Amino acid sequence: MSEKRCALVTGGSRGIGRAICVKLAECGMDIVFNYQSGSEAAEETVKLCEAKNVRVLAVKADISKSDECQMLIEKAVEFFGGRIDVLVNNAGITRDNLLGRMKDEDLDAVLDVNLKGTFYMMRGVSKYMLKNRYGRIINMSSVVGVMGNAGQVNYSASKAAVIGMTKSLAREVASRHITVNAVAPGMIETDMTAVINDAAREKIMESIPFKEMGKPEDVAETVAFLAGDGAKYITGQVLCVDGGMAI
Ligand code: NAP
């Protein structure tokens, strides 16, 4: 990497978000990440990143709320000395059910975090990136946003929307050397997928050409590539990290 960069990662306390923080720290980036409630897990991420000899700050913020996103962005800008080079919109939730049983609250909760949270963060951070004429925005979608999935009408809608926002913003900011891409993981071993029962897991496994689940580090490697200099001419793309699920 030609100069020292700094990255803001949402939902960095656990799972894929933690792996992203550690990988970007390994690439030499200073890190600010947020969590919603898991302060002990956040402390662990801080320690793992500090071991890579970078500066790290954990902030408690609910990204489904516009004012908390603004507070998070202001803290990051202050910590980084007036800029944010890389934004990774990783935080996300599921509230799965068949459509007939899905409550209004299940739709609202998922859209508030996955769709609106990503929107608030992109809007707030892109302002600084436009000023600096540099930026990398990486949004966490899902293969489910590309292919759909029974029992996830709300979640797949949010993840498909993330792809739409990614492509639109990519077109808006490309002339300022800001890239906006999405990563679409398949089945990755985290707390989110730990709740899937054995029968459902077996069925999912049949649909993965690799016949095995991915690791958070597999996704983090892809994010680091998109955040680095090697990806400077790639924008508006969706990279599936899914063992072939979406082929
Ligand atoms: P996870 O293990 O459940 O971790 C979610 C992270 O997001 C945690 O750090 C959590 O913080 C944070 N978070 C949740 N709601 C938040 C909110 N309202 N405000 C701020 N932070 C919040 O999830 P994961 O499996 O690593 O997934 C990460 C991303 O990848 C998500 O966008 C998910 O949809 C996507 N994805 C995952 C898979 C998979 O197989 N795991 C597949 C496709 C896409 P707290 O612990 O403090 O709540």
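If you're wondering where the values come from, they're calculated on a predicted model, not measured in any experiment.

1. Brief notes about the side chain of T222
So, step 1. Note on placement: T222 falls in helix 9 (residues 216-227).
So, step 2. A polar side-chain atom of T222 sits 3.3 Å from the main-chain carbonyl oxygen of D218.
So, step 3. Contacts of T222, omitting those with residues within four sequence positions, involve V183, L239 and V241.

2. Observations regarding the sheet that holds strand 4 (residues 86-89)
Two strands in a sheet stick together by hydrogen bonds in their backbones, pointing the same way (parallel) or opposite ways (antiparallel).
So, step 1. Read across the sheet, seven strands follow the order 3-2-1-4-5-6-7 without closing on themselves; strand pairing throughout is parallel. Each edge of the open sheet is held by one strand with a lone partner, namely strand 3 (56-60) and strand 7 (238-241). In this sheet, adjacent strand axes meet at a mean angle of 15 degrees when their direction is disregarded.
So, step 2. Across six bridges, the pairing between strand 5 (residues 135-140) and strand 6 (residues 178-185) is parallel. Counted as the bridge partner of G135 is I178 from strand 6.
So, step 3. Relative to strand 6, helix 6 (residues 153-173) is tilted by about 160 degrees, and along the sheet it contacts strand 5, strand 6 and strand 7.

3. Focus: the site of the ligand
So, step 1. The environment of the ligand is formed by 31 residues, the closest being S13, S37, N90, Y155 and T190.
So, step 2. One of the backbone N or O atoms of Q36 is found 2.8 Å from an oxygen atom in the ligand.
So, step 3. Interatomic distance of 2.8 Å between a side-chain N/O atom of D62 and a nitrogen atom of the ligand.
So, step 4. A total of 900 Å² of accessible area belongs to the ligand in isolation, and the protein chains cover 95% of it.
So, step 5. Elements supplying a minimum of two residues to the shell around the ligand: helix 1 (15-26), strand 2 (30-35), helix 6 and helix 7 (191-194).

4. Side note on the pairing of strand 1 (residues 6-9)
So, step 1. Residues C6 and L8 point to one face of strand 1 and A7 and V9 to the other, with burial holding for every one of them.
So, step 2. Here strand 1 pairs with strand 2 via four bridges, running parallel. Opposite C6, over in strand 2, you have D30 as the bridge partner.
So, step 3. In the sheet, strand 1 pairs with strand 4 via three bridges, with the strands oriented parallel. Following the sheet pairing, A7 is matched in strand 4 by V86.

5. Digging into the environment of I20
So, step 1. Along the chain, I20 falls in helix 1.
So, step 2. Taking the C-alpha atoms as reference points, I20 and M213, 193 residues apart in sequence, are found 18 Å from one another.
So, step 3. With near-sequence residues (within four places) excluded, I20 lies in contact with V9, V88, N90, M140, A220 and V223.

6. Digging into the pattern of salt bridges
Pairing between side chains of opposite charge can happen when their charged atoms approach one another.
So, step 1. Applying the stated criterion across every chain yields a total of nine salt bridges.
So, step 2. Across the salt bridge formed by E26 and K52, the nearest N and O atoms sit 3.5 Å from each other. With E26 in helix 1 and K52 in the loop between helix 2 (39-50) and strand 3, this pair connects stretches of sequence that are 26 residues apart.
So, step 3. In this structure E26 comes out as partly exposed when scored by relative accessible area, which is 47%.

7. Focus: helix 6
So, step 1. Taking 1.5 Å per residue, 21 residues should reach 30 Å; helix 6 reaches 30 Å between its end C-alpha atoms and fits that length.
So, step 2. The complete set of buried residues in helix 6 reads N154, Y155, S156, S158, K159, V162, I163, M165, T166, L169, A170 and V173.
So, step 3. Those residues of helix 6 hidden inside the fold are in contact with helix 4 (104-132), strand 5, helix 5 (143-147), strand 6, helix 7 and strand 7.

8. Notes on the side chain of D242
So, step 1. Counting through the fold element by element, D242 comes out in the segment after strand 7.
So, step 2. Buried and unpaired, D242 has K211 as its nearest opposite-charge partner, separated by 13 Å.
So, step 3. Of the polar contacts made by the side chain of D242, one reaches the backbone nitrogen of A246; its length is 2.8 Å.
So, step 4. Every residue in contact with D242, bar those within four places of it in the chain, is listed here: V143, A184, P185, G186 and I208.

The rules we used
Residues numbered from 1 in each chain as written. Predicted model: local features only at pLDDT ≥ 70, side-chain atom pairs only at ≥ 80, totals over all residues. Heavy atoms only, no water. Helix = DSSP H or I, 4+ residues; strand = E, 2+ residues; numbered from the N terminus. Polar contact = N/O pair within 3.5 Å; in protein donor to acceptor, adjacent residues only side chain to side chain. Contact = heavy atoms within 4.5 Å. Pairing = 2+ DSSP bridges. Axes fitted to C-alpha atoms, helices over the stretch in contact; angles between N-to-C directions. Near = heavy atom within 4 Å. Areas by Shrake-Rupley, 256 points an atom, 1.4 Å probe, with all protein chains shown as cover. Buried < 20%, exposed > 50% of the residue type's maximum accessible area, 1.4 Å probe, protein only. Salt bridge = Lys/Arg side-chain N within 4 Å of Asp/Glu carboxyl O. Expected span 1.5 Å × (residues − 1). Lys, Arg positive; Asp, Glu negative; His and termini not counted.

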